Amino acid sequence: MAIIEVSQLTKSYGTLDVLKQISFDVHKNDVIALIGPSGSGKSTMLRSLVHLEQINGGSIRIAGEALVQDGVYSKPQEIKRMTSRMGMVFQHFNLFPHLTVQENLELAPKVVKGESASDIRKRSSELLDKVGLSGRATYYPAKLSGGQKQRVAIARALMMNPEILLFDEPTSALDPELTGEVLQVMRKLAEEHMTMIVVTHEMGFAREVANRVIFIDQGEIVESGSPEQIFTHPQHERTKAFLNRSL
Ligand code: ADP
Ligand code: MG
């Protein structure tokens, strides 16, 4: 069964149609690379999945439940429950600057309650270890490099035990020498069969790690398929032109 089903999704800002009849499915353990030019609607697509944007029409189903069906949203409580199955990692990290690394990780689980502080601490320690930052628990974000900040953001997203992780250009704000350490963590998550949608300009990563690539241009899915299909045998002129500019 698809864990995310998007069908006929439309989204506009005023008169600007940003997403036009978008349909795709995500299955468990998929790693989907969402690629396309700047302004094509990639961020809007991810943000719609976690209800940071409201769509105008179409449906989004999460594990078979309608977040929104034919443009009609479920009740806020149900939306919250469904979106809590997903974690999001942003281009600009979005860490809380006044909280330490550890506090950044522990804030959301503590707000949700129902879990002991010691269990939360155990998990934050494990996840910092997983992203290679066990020595940085008491640091403030300002003291970290961009690559370290993004690894903290990934650990923070994992604190809520999401079934799906969404990444919006996680390495685009980083100096080139720091992208590798972030991609390495993402590669490890993929190997552990985390279900992921990754908006990225890292074509090497998309090719190696994704099992499916979706190319979006001007709010439409132009083409989707295996990395081999998209990168080696693109069918559409728009895909070819984009790849020629990106590779
Ligand atoms: P991408 O992530 O592919 O670069 P976005 O989803 O950010 O594209 O944006 C798609 C289009 O929607 C762009 O033309 C952008 O200017 C526009 N857009 C994005 N957010 C807003 C907003 N809050 N208000 C108005 N227009 C927006
Ligand atoms: Mg974007």
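Treat the numbers as computed from the prediction; the structure is a model and nothing was measured.

**A few points about the UniProt feature "domain: ABC transporter" (unreviewed entry) in the protein chain**
According to UniProt, the positions carrying the feature "domain: ABC transporter" (unreviewed entry) are residues 4-243. The span residues 4-243 is 38% helical and 28% strand by assignment, and the distance between its end C-alpha atoms comes to 27 Å.

**Looking at the packing of helix α5 (residues 146-158) against helix α6 (residues 176-191)**
For the pair α5 and α6, the least separation of the axes is 8 Å and the interaxial angle reads 20°. By the angle class used here, α5 and α6 are roughly parallel. For the pair α5 and α6, the crossing hand works out as right-handed. Within the contact between the two elements, α5 uses Gly146, Gly147, Gln148, Gln150, Arg151, Ile154 and Leu158 and α6 uses Leu178, Glu181, Val182, Val185, Met186 and Leu189.

**Regarding the nonpolar core**
By size, the foremost hydrophobic cluster in this structure holds 47 residues, and its most contacted members are Ile35, Ile154, Phe167, Met186, Leu189 and Met196. In this structure Ile35 touches Lys42, Thr200, Met203, Val213, Ile214, Phe215, Ile216, Ile230, Phe231, Phe242 and Leu243, once residues within four positions along its chain are discounted. Counting 32 residues, the second largest nonpolar core, distinct from the first, contains Ile3, Val6, Leu9 and Ile197.

**Describing the site of ligand 1**
Close contacts around ligand 1 come from Tyr13, Leu16, Val18, Pro37, Ser38, Gly39, Ser40, Gly41, Lys42, Ser43 and Thr44, and that covers them all. One nitrogen or oxygen atom from the side chain of Tyr13 is found 3.5 Å from a nitrogen atom belonging to ligand 1. A distance of 2.7 Å is found between an oxygen atom of ligand 1 and a backbone nitrogen or oxygen belonging to Gly39. Protein chains bury 59% of the 560 Å² of accessible surface belonging to ligand 1 in isolation. Those elements giving two or more residues to the shell around ligand 1 turn out to be β2 (16-27) and α1 (42-49). When residues in the shell around ligand 1 are grouped by element, the largest group, three residues, is from α1. Among the residues forming the shell around ligand 1, the class breakdown is four nonpolar, six polar and one charged.

**Considerations on a nonpolar patch on the surface**
The grouping of Phe96, Leu107 and Val111 at the surface amounts to a nonpolar patch, some 250 Å² of accessible area in total. In this structure, Leu107 sits in helix α3 (residues 101-112).

**A few points about the environment of Thr195**
Its location among the elements puts Thr195 in strand β9 (residues 195-199). Residue class for Thr195 comes out buried when judged on its relative accessible area of 1%. Through-space distance from the C-alpha of Thr195 to that of Val222 is 23 Å; in sequence the pair is 27 residues apart. Residues contacting Thr195, with those up to four places away along its chain left out, are Ile3, Val26, His27, Lys28, Asn29, Asp30, Glu163, Ile164 and Leu165.

**Thoughts on the sheet that holds strand β6 (residues 72-73)**
Within a beta sheet, neighbouring strands are joined by backbone hydrogen bonds and run either parallel or antiparallel to one another. With respect to topology, five strands assemble into an open sheet ordered β2-β1-β4-β5-β6, the strand pairing being antiparallel. A strand with exactly one partner marks an edge of an open sheet, and here the two such strands are β2 and β6. Where strand β1 (residues 2-13) and β2 come together, eight bridges link them in antiparallel fashion. Within the sheet, the bridge partner assigned to Lys11 lies in β2 and is Leu19.

**A short note on the pairing of strand β10 (residues 212-217)**
Of all six residues that make up β10, six are buried, and the element is covered over most of its length. Burial of β10 is two-sided: the residues Arg212, Ile214 and Ile216 facing one way and the residues Val213, Phe215 and Asp217 facing the other way are all buried. Pairing geometry for strand β3 (residues 31-35) and β10, over four bridges, is parallel. Within β10, the position partnered with Leu34 by the bridge is Ile214. Looking at chain direction, β10 and strand β11 (residues 220-225) are connected through five bridges and run antiparallel. Bridge pairing links Phe215 to Glu223 in β11. The loop that links β10 with its antiparallel partner β11 comprises two residues; one of these, Gln218, has a positive phi angle of about 50°.

Criteria and cut-off values
- Residues numbered from 1 in each chain as written.
- Chains lettered and ligands numbered in written order.
- Predicted model: local features only at pLDDT ≥ 70, side-chain atom pairs only at ≥ 80, totals over all residues.
- Heavy atoms only, no water.
- UniProt positions renumbered as here; feature names shortened; annotations may be inferred.
- Helix = DSSP H or I, 4+ residues; strand = E, 2+ residues; numbered from the N terminus.
- Axes fitted to C-alpha atoms, helices over the stretch in contact; angles between N-to-C directions.
- Parallel < 35°, antiparallel > 145°, perpendicular 65-115°, else oblique.
- Left-handed = near helix turned anticlockwise from the far one by under 90°.
- Contact = heavy atoms within 4.5 Å.
- Core = buried A, V, L, I, M, F, W, Y, C linked by side-chain atoms within 4.5 Å.
- Buried < 20%, exposed > 50% of the residue type's maximum accessible area, 1.4 Å probe, protein only.
- Near = heavy atom within 4 Å.
- Polar contact = N/O pair within 3.5 Å; in protein donor to acceptor, adjacent residues only side chain to side chain.
- Areas by Shrake-Rupley, 256 points an atom, 1.4 Å probe, with all protein chains shown as cover.
- Nonpolar A, V, L, I, M, F, W, Y, C, P; charged D, E, K, R; others polar.
- Patch = residues over 30% accessible without salt bridge, like charges linked within 9 Å, V, L, I, M, F, W, Y side chains within 5 Å.
- Salt bridge = Lys/Arg side-chain N within 4 Å of Asp/Glu carboxyl O.
- Pairing = 2+ DSSP bridges.

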